[in-house]
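Commentary on secondary and tertiary structure
Listed below, chain by chain, are the residues.
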Amino acid sequence: MAWYHNFFHGLPQAAWKAAQTEEQTQLDIELLVDTLEFGPDDRLLDVFCGYGRHAIPLARMGTHVTGVDISEEYIQELSATATEEKLSLDPIQGDFLTVSDSLLSSGTPFDAAYCLGNSFSFFDRNTMLTFLNRIAEVLKPGGRFLAHTEMVAESILPDYQERNWLPVGDETESTILFLAQNEYDPLESRIDSHLTYVRAGEVQTRMAQHYVYTLADLRQLFFQSGLTVIDCYGTVMGDPYALGDEGVWLLAEKA
C-alpha cells in the first residue's frame, strides 16, 4: 500500500488547510480559468481535490466538478458544502488510480482536468505513466490538463534542504509546528521525508515520498500518454518557467 493511503488525516490535514491563503487560491482559480478553456456547464475533474478550495469556487461559477481525494475527512467536508450550497459538485473518496470508470466519469468525458497542490509527485515512473494514461482516458479530445509540482529537479535540487521547520497558521495556541527531515535517494530520484507535526502538546509523525523528475522526463511521460505539453509556467501568474523557480505548472492537451 502506498504511503499516501495512510497519510491524510489529523494534524497533517489541519496544517495543509491552515497553510493555504485566500490570495493563493484566487490566483490558482484565475490560472485555471485562463488556461483550461472551459465554460459554464462544462465538466471538470479535480484530482486530489482536498477540501475543495478549487472545486467549490469553480462549481459556484456554474461548472460541473468531480473531485477525487483519498481523504475521508476532506471528502466529508466537501460533500457537506456541496449539499448545503446545492452545487453541481460530485465528491468521490478513493484512490484516483483505482476508482471505477463508471463512478468517475459515467461514460461522459471531461472537458478539462487539473491536479494542484504539489500532489503530482507521489508516483514512481510506472505509476506516473498509469496516472497520466488515466487522465488522458477521461478527457475529451482537445481537453486540457494542468498539473502543479514543486518537486521537479530544476526546482528542488538547486536549493535542497535536509532539514526544515516552520510554524503553520496564525500565531495562537492553534499554531502547528511543522518539522521535516529529508533524505534524497539518488538511485530512485526520490525524497523520503520524515515529518513531525506539533500543536498544543499533541505530536503526530508521518512519512512521505516524492519522486523527482526533470521537466524533460515529464514531457516525455505526458507524450507517451497522449498528452502534449503546450506550456510550462514558473509562477501562478503564468510566467515562463526558469531554473530555480519554486514550482512548475505544466499545461497539456489531449491529442
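An account of the accompanying structure is given in this report. (Residues numbered from 1 in each chain as written. Predicted model: local features only at pLDDT ≥ 70, side-chain atom pairs only at ≥ 80, totals over all residues. Heavy atoms only, no water.)

At a minimum axis distance of 10 Å, the contact between helix H1 (residues 11-19) and helix H4 (residues 72-85) shows a crossing angle of 50°. Judged by the angle between their axes, H1 and H4 are oblique. Two secondary-structure elements touch here, H1 through Gln13, Trp16 and Lys17 and H4 through Glu73, Tyr74 and Glu77. Residue composition of the contact of H1 with H4, grouped by class: two nonpolar, one polar and three charged. (Axes fitted to C-alpha atoms, helices over the stretch in contact; angles between N-to-C directions. Helix = DSSP H or I, 4+ residues; strand = E, 2+ residues; numbered from the N terminus. Parallel < 35°, antiparallel > 145°, perpendicular 65-115°, else oblique. Contact = heavy atoms within 4.5 Å. Nonpolar A, V, L, I, M, F, W, Y, C, P; charged D, E, K, R; others polar.)

Our focus in this paragraph is the packing of aromatic side chains. Each pair of aromatic rings is reported with the distance of its centres and the angle of its planes. Scanning all chains against the criterion turns up 21 aromatic pairs. Ring geometry for tryptophan 3 and phenylalanine 7: centres 5.4 Å apart, planes at 90°, overall edge-to-face. Using a relative accessible area of 13% as the deciding quantity, one classes tryptophan 3 as buried. Taking relative accessible area as the criterion, phenylalanine 7 reaches 7% and is therefore assigned buried. Judged by centre distance (5.2 Å) and plane angle (45°), the rings of phenylalanine 178 and tyrosine 197 are tilted. Taken together, the positions of phenylalanine 178 in strand E7 (residues 176-185) and tyrosine 197 in strand E8 (residues 190-199) put the pair 19 residues apart, joining distant regions of the chain. Side by side, phenylalanine 178 and tyrosine 197 carry an identical accessibility label, which is buried. Among the aromatic side chains, those forming a connected cluster through ring pairs are Trp3, Tyr4, Phe7, Phe8, Phe48, Phe96, Phe120, Phe122, Phe123, Phe131, Phe145 and Phe222. The ring of tyrosine 51 has lysine 17 sitting right over it, with the charged end atom 4.9 Å from the ring centre. Above the face of the phenylalanine 110 ring, arginine 43 is positioned so that its terminal group lies 4.3 Å from the ring centre. (Phe/Tyr/Trp six-rings, centres within 6.5 Å; stacked < 30°, edge-to-face > 60°. Buried < 20%, exposed > 50% of the residue type's maximum accessible area, 1.4 Å probe, protein only. Lys NZ or Arg CZ within 6 Å of the ring centre and 35° of its normal.)

The next point concerns empty space enclosed by the protein. By the definition in use, this model includes one cavity of 30 Å³ or more. When its volume is computed, the largest cavity comes out at roughly 40 Å³. Tallied by class, residues from the lining of the largest cavity come to seven nonpolar, two polar and no charged. (1 Å grid on protein atoms, 1.4 Å probe; cavity = no way out; pocket = protein on both sides within 12 Å on 5 of 7 lines; lining within 4 Å. Points joined across faces, edges and corners; volume = space filled by probe spheres on them.)

Moving on to the nonpolar core. Note that soluble globular proteins tend to have their nonpolar side chains buried in a common cluster. In this structure, Leu45, Phe120, Phe131, Phe145 and Phe222 are the most contacted members of the largest nonpolar core, which totals 48 residues. Looking at which element gives the most residues to this core, the answer is helix H6 (residues 125-138), with six residues. Counting 25 residues, the second-largest nonpolar core is a separate cluster that includes Leu36, Val65, Ile75 and Tyr233. (Core = buried A, V, L, I, M, F, W, Y, C linked by side-chain atoms within 4.5 Å.)

What the four strands build is an open sheet, ordered E6-E7-E8-E9; its pairing is antiparallel. Lying at the two open borders of the sheet, with one neighbouring strand each, are strand E6 (163-168) and strand E9 (202-211). Strand-to-strand twist of the sheet, defined as the mean angle between neighbouring strand axes without regard to direction, takes the value 20°. Bridge analysis of E8 against E9 gives ten bridges, and the strand direction is antiparallel. By the bridge assignment for E9, serine 193 is matched with alanine 208. Across the sheet, H1 is in contact with E6, E7, E8 and E9; its angle to E8 comes to roughly 90°. (Pairing = 2+ DSSP bridges.)

Strand residues, when the strand is regular, have side chains that alternate between the two faces of the sheet. Taking burial as the measure, the six residues of strand E2 (residues 64-69) include five buried ones, the bulk of the element. Taken together, the five bridges between strand E1 (residues 43-47) and E2 define a ladder with parallel strand orientation. Each residue of the ladder has a partner; that of arginine 43, found in E2, is histidine 64. Handedness of the E1-helix H3 (residues 55-60)-E2 crossover: right-handed. Two strands pair when backbone bridges link them, and E2 and strand E3 (residues 89-93) are joined in this way by five bridges, in the parallel orientation. The partner of threonine 66 across the bridge, within E3, is aspartate 90. In this view, the connection linking E2 to its parallel neighbour E3 by way of H4 has right-handed handedness. (Right-handed = clockwise from strand over helix to strand, strands pointing away.)

Hydrogen bonds between backbone atoms are what pair the strands of a sheet, whose relative direction is either parallel or antiparallel. Strand order across the open sheet formed by seven strands is E3-E2-E1-E4-E5-E11-E10, with mixed pairing between neighbours. In the strand order of this sheet, the two ends are held by E3 and strand E10 (227-233), each with one partner. Within the sheet, the average angular offset between the axes of one strand and its neighbour, ignoring direction, is 15°. Sheet topology places strand E5 (residues 139-149) next to strand E11 (residues 248-254); six bridges connect them, and they run antiparallel. Counterpart to leucine 146 in the pairing with E11 is leucine 251.

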